[in-house]
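The chain contents come next:
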Amino acid sequence: MTEPVLSVRNIRKVYGDVVAVDGLDFDIQSGQCFGLLGPNGAGKTTTLALLEGMERPSTGSVLYRGGPLPKGYQERIGIQFQATALQDFLSPYDNLRLFSKFYDAPLPMAQLIEQFRLEEFLHRDTRRLSGGQRQRLLLALALVHDPEIVFLDEPTTGLDPRSRRDLWDVLQVLKDQGRTLILTTHYMEEAEILCDHLVILSHGKVLTEGTPATLIAQAQVPNLDALFLQLTGESLVASDEGAP
Amino acid sequence: MKTFKRSLRRTLAVLHARNLEYLRDRASFGWNLVFPILIVLALAVVFSGPPRALFTVTVVEGQAPDMLAFPGIEAVTASEDKALARLSRQQTDMVVSESGGTVFYWVNGNSPSGAILELILKYTESRPLERGQSDGEAIRYVDWVVPGILGMNMMYSALWGVGYVVVRYRQSGYLRRLKATPLSKFEFLSAQVLSRLMVTLTASALVFVGTHLFLDYKMVGSVALLGLIALLGGLSMITLGLAIACRTESKEFADGLLNAITFPMLLLSEVWFSLDASPEWVQAFAQLLPLTHVLEAARAVMLDNAGLGDIWLHLAVLIGVCVAGMAASVKLFRW
Ligand SMILES: Nc1ncnc2c1ncn2[C@@H]1O[C@H](COP(=O)(O)OP(=O)(O)OP(=O)(O)O)[C@@H](O)[C@H]1O
Ligand SMILES: [Mg+2]
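About the thresholds
- Residues numbered from 1 in each chain as written.
- Chains lettered and ligands numbered in written order.
- Predicted model: local features only at pLDDT ≥ 70, side-chain atom pairs only at ≥ 80, totals over all residues.
- Heavy atoms only, no water.
- Donors = N, O, S within 2.8 Å, 3.2 Å for Na, K, Ca; no water.
- Helix = DSSP H or I, 4+ residues; strand = E, 2+ residues; numbered from the N terminus.
- Buried < 20%, exposed > 50% of the residue type's maximum accessible area, 1.4 Å probe, protein only.
- Near = heavy atom within 4 Å.
- Polar contact = N/O pair within 3.5 Å; in protein donor to acceptor, adjacent residues only side chain to side chain.
- Areas by Shrake-Rupley, 256 points an atom, 1.4 Å probe, with all protein chains shown as cover.
- Phe/Tyr/Trp six-rings, centres within 6.5 Å; stacked < 30°, edge-to-face > 60°.
- Lys NZ or Arg CZ within 6 Å of the ring centre and 35° of its normal.
- Pairing = 2+ DSSP bridges.
- Contact = heavy atoms within 4.5 Å.
- Buried area = accessible area lost by both parts, 1.4 Å probe.
- Axes fitted to C-alpha atoms, helices over the stretch in contact; angles between N-to-C directions.
- Salt bridge = Lys/Arg side-chain N within 4 Å of Asp/Glu carboxyl O.

## What to know about the coordination of the magnesium ion (ligand 2)
Residue and element names in this part refer to chain A. Distances from the magnesium ion (ligand 2) to its protein donors, T45 (OG1) and Q82 (OE1), fall within 1.9 to 2.3 Å. Placement of T45 in helix α1 (residues 44-52) and of Q82 in the loop between β6 (77-80) and α3 (92-101) is noted, with a sequence separation of 37 residues between them. Judged by its relative accessible area of 43%, Q82 is partly exposed.

The structure is reproduced here in structure tokens:
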């Protein structure tokens, strides 16, 4: 493999007396879809915030191509937060235009509108969008500046099976464009389909990591759901697709 | 230069988005314009009669005349300038001052109450008297209160329009999303300030003109100078609002803080009534409040045709508040 695009070296993040992230070490390869799994409160969102440079680790370091996060790092990454509010009374169009202005060389709006299929609700108040439409808009906003790395915190939580699959298609396109995707999810099926490499966290620590196939093979379990249950001893968010 | 253009582009984009948000929020937009006009109209109806039946005498210094002990005569104290200004607006009926055993007194030649008080004074005062006169027109309460209401409206619009809105953005997570873009704190804050300044000035101008259609209130001074007062006043309130919002995480707490700031101004900055009769320390405290300076300057221009030379000190205070408020906001701001 080539040089990793992002690495974390023994990072910890402490909030008061809560240890949210407790000594993580892993590499993320360029062009990879990297999945962070773990039960609620495992530290997934916090880990993303450290990788995004939104928060500083209490100890340890986050490396971009082997060095500290560079000055224009914000411009190389796109972020879709777990929950993002937008301004009231603005349409998807207004938001796209606003975010495009933040960057020097934004992608053409028409291209984003088409790629994320924003046309049918382009001029609606964003507060009136459905969950799936909203996620597509937030994703488009994360991609206006054509970033090389895209962070996605539970992009499909709360979506119906149809919208979830639609979003998988969109993410697959991003992968095919050669972007590095870093995502968290509670859906094992999603991780299995999209991700090349998984890290399973619990209580801020890595339980195990590897490709979905190796993880399943090593643990001698039928699927990721079973592996996850075995590792964390906790039940999953109920799958709305009646998965086993 | 390139960085500047880039910065300007981002600032204008945020400004535009904020303006759209404001303009599309029809309900609050309309209310901001209609509410102050309603207050002015209501006051015009309530206070349409003569201001008060009582005589008031303003004492400048020295041993006050015995006449002031009479029932029905209210005595207040003030500096000579203030006292004479009030006399010319017929807010007081007589001004007296004693020095070296002589009682100096001034009455307004247009005021019948002044003439009556003068008679009483002549019959009751044993010390030598020296007469002065002022001929100003009476000003109605409405003339006096219109600048107060414009200023009050500006205060609320500026403080809540930035303070509360920025905290709402923070609480909803929108600021966090913006933090993940190249937008800088200064760009974001400037856009908020500019947007609200445009709103506040436009609303004030519309209310100013709107109330003038119904009520012929007094405006004798320079409109340009009044505009400058509004600009600096609005800006100082806005930066004050920003300073409050720069770290506050909860809307409820922001609400409390904003109330804690606006309430003293509402009471002590002479929005509704004059503080001439209140204790010295209250008046001194009032000088710490930006709205006091806005209103003193605005009334001087609207009622007494004051020029830049008369009100520069008020303007200097407001500029100081703007600079301090903006510096503190940029320094302390957290997304
Ligand atoms: N700003 C903060 N202050 C204090 N504690 C925090 C903060 N952010 C996160 N935590 C704590 O750190 C731990 C990890 O939180 P985190 O949000 O990273 O979990 P998560 O894996 O994303 O969970 P979920 O699946 O529910 O989104 C939790 O115990 C959380 O309460
Ligand atoms: Mg999370």
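Past the structure itself, the notes keep going.
## Comments concerning the site of ligand 1
All names here are of chain A. Near ligand 1, the surroundings consist of 14 residues, among which G41, G43, K44, T45 and T46 are the closest. Measuring from an oxygen atom of ligand 1, one finds a backbone N or O atom of G43 at 2.9 Å. With respect to ligand 1, the side chain of T45 contributes an N or O atom lying 2.6 Å from an oxygen atom. The fraction of the free accessible surface of ligand 1 (630 Å²) that becomes covered by protein chains is 63%. At the level of elements, β2 (18-29) and α1 are the ones that each hand at least two residues to the shell around ligand 1. The greatest single-element share of the shell around ligand 1, amounting to 3 residues, is contributed by α1.

## Describing the packing of aromatic side chains
On inspection of all chains with the given rule, the structure shows 10 aromatic pairs over all chains. Ring centres of Y64 of chain A and Y73 of chain A lie 5.6 Å apart, and the angle between their planes is 70°; this geometry places the pair in the edge-to-face category. Y73 of chain A matches Y64 of chain A in its accessibility class, with the two residues each being buried. Taken together, a centroid distance of 5.7 Å and an interplanar angle of 65° make the contact between F208 of chain B and Y217 of chain B edge-to-face. Of the two residues, F208 of chain B and Y217 of chain B, neither departs from the other in class, the shared state being buried. In this structure, R164 of chain A is placed above the aromatic ring of Y187 of chain A, and the distance from its NZ or CZ to the ring centre is 3.7 Å. Residue placement shows R299 of chain B over the ring face of W144 of chain B; its charged tip is 3.6 Å from the ring centre.

## Some words on the pairing of strand β10 (residues 205-210) of chain A
Residues and elements named next belong to chain A. Note that strand β9 (residues 197-202) and β10 share 5 bridges and pair antiparallel. Counterpart to L201 in the pairing with β10 is V206. Hairpin connection between β9 and β10: a loop of 2 residues separates the two successive antiparallel strands, and H203 in this loop has a positive phi of roughly 50°.

## Focus: α3 of chain A
Taking burial as the measure, the 10 residues of α3 of chain A include 7 buried ones, the bulk of the element. All of the buried residues in α3 of chain A are P92, D94, N95, L96, L98, F99 and S100 of chain A.

## Comments concerning the interface of chain A and chain B
Taken together, the contact pairs 25 residues of chain A with 25 residues of chain B. Here chain A and chain B share an interface that buries about 2400 Å² over both sides, 56% of which is from carbon and sulfur atoms. Taken together, the links from chain A to chain B amount to 15 residue pairs in polar contact (both at pLDDT 80 or more). For the side of chain A that touches chain B, the element with the most residues is α3 of chain A, which contributes 5 residues.

## Here we look at the sheet that holds strand β5 (residues 67-68) of chain A
Residue and element names in this part refer to chain A. The strand order across the open sheet built from 4 strands is β2-β1-β4-β5, with neighbouring strands paired in antiparallel fashion. At either margin of the open sheet sits one strand with a lone partner, and together these are β2 and β5. Sheet topology places strand β1 (residues 4-15) next to β2; 9 bridges connect them, and they run antiparallel. Bridge pairing in β2 places S7 opposite D27. With respect to the sheet, α1 is in contact with β1, β2 and β4 (59-64), its orientation differing from that of β2 by roughly 55°.

## Quick look at the pattern of salt bridges
Charged atoms that come close allow side chains of opposite charge to pair. All names here are of chain B. In this structure the tally under the stated criterion is 25 salt bridges over all chains. Between R10 and E187 there is a salt bridge, with its nearest N and O atoms 3.4 Å apart. Of the two residues, R10 sits in helix α1 (residues 2-24) while E187 sits in helix α7 (residues 185-214), which places them 177 residues apart along the sequence. Looking at R10, the relative accessible area reads 8%, which means it is buried. Take E187: its relative accessible area is 4%, and that puts it in the buried class.

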